[in-house]
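Chain and residue survey
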Amino acid sequence: MESVARGGTRWKRFAVVMVPSVAATAAVGVAVAQGVLAASFSISGQQAKVSVDRLDGEGFVQYGSIDTQHGGKKIPVAVSAFRSAELRGLCQSVVVPVPLFGDVSLKLNAGNGGKVVEARNLYIDLDQLDADATFTNINIGVSANDTSKGPGLKDGDAVLPGSFAQEADKAVLTDVKQTSWATSAGTFKLSGLSMKVARGKSECF
């Protein structure tokens, strides 16, 4: 029986919500390894740390998938997707180890000082997320192929037919801290963009 919660639902630790999606990727990983499913685009070997003061999303869906790293390594991820989203206080950092030189950090900030980052058809492949979260009209345990509230499955994502997913009309996340492998969007408007490259480690959290 489908698990359904109507109205606003809050979770102090959103990581608890995404656990079933990540666990469901085990079968997906086997299918990818056996060539049953096609994998999405090849990802790099570095993760990004992303923090957001507040994210207001419309049309939310989350499902388990597998990313393929350059070289063929399979990475289980939870894909969080939004039809549209507004982000305030966005920070993204990546640390790249450079041989004979040391770490080099790339940090990006946007959506500060009253400005807003706007995204449409936003997909985030992540393996860790902590936040305060409120969902409106959330359905937990729906088939990934039958979700209707979010933007749908991302083209090329490795997802077994009928696998676990969850969806909601709206999602509000505050004090977000996550580690992600990849992000893609139909449009991504970064208002007040500031980007800096520095030697050593300079991360969002």
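As a reminder, the structure under discussion sits directly above these lines.
The structure presented is a predicted model; accordingly, all values stated were derived computationally and were not measured. (Residues numbered from 1 in each chain as written. Predicted model: local features only at pLDDT ≥ 70, side-chain atom pairs only at ≥ 80, totals over all residues. Heavy atoms only, no water.)

What about the pairing of strand β10 (residues 194–199)?
The following threshold applies: Exposure classes here rest on a 1.4 Å probe applied to the protein chains alone. A residue is buried below 20% of its type maximum, exposed above 50%, and partly exposed in between. A run of DSSP states H or I qualifies as a helix once it reaches four residues; a run of E qualifies as a strand once it reaches two. Both are numbered from the N-terminal end. Pairing between two strands requires that DSSP report at least two bridges joining them.
Of all the six residues making up β10, zero are buried; the element is thus mostly uncovered. The pairing of strand β6 (residues 102–110) with β10 spans six bridges and is classified as antiparallel. Residue pairing in the sheet places Leu106 in a bridge with Val197 of β10.

What about the environment of Ile43?
As a reminder, the rule being used: It only takes one pair of heavy atoms within 4.5 Å for two residues to be counted as in contact.
In this fold, Ile43 is placed in strand β2 (residues 42–43). Distance in space between the C-alpha atoms of Ile43 and Gly71 is 9.4 Å, their sequence separation being 28 residues. Among residues more than four places away in sequence, those in contact with Ile43 are Asp67, Thr68, Gln69, His70, Ile75, Trp181 and Ala182.

What about a nonpolar patch on the surface?
Counted only if it meets this: A residue counts toward a patch only above 30% relative accessible area and without a salt bridge, and it is joined to like-charged neighbours within 9 Å or, for Val, Leu, Ile, Met, Phe, Trp and Tyr, to nonpolar neighbours within 5 Å. Only the protein chains shown count as cover for residues, and all accessible areas are computed by the Shrake-Rupley method using a 1.4 Å probe. For salt bridges, the criterion is a side-chain nitrogen of Lys or Arg within 4 Å of an Asp or Glu carboxyl oxygen.
On the surface, Leu106, Leu193, Met195 and Val197 cluster together into a nonpolar patch covering about 400 Å² of accessible area. Assignment of secondary structure puts Val197 in strand β10. In this structure Val197 comes out as exposed when scored by relative accessible area, which is 61%.

What about the side chain of Asp157?
The cut-off we apply is this: We call two N or O atoms a polar contact when they sit within 3.5 Å, provided that within protein one can donate a hydrogen and the other can accept it, with sequence-adjacent residues counted only if both atoms are side-chain atoms.
For Asp157, the position within the fold is in the loop between β7 (117–143) and β8 (164–184). Of note is the side chain of Asp157, whose polar atom sits 2.6 Å from the side chain of Tyr63.

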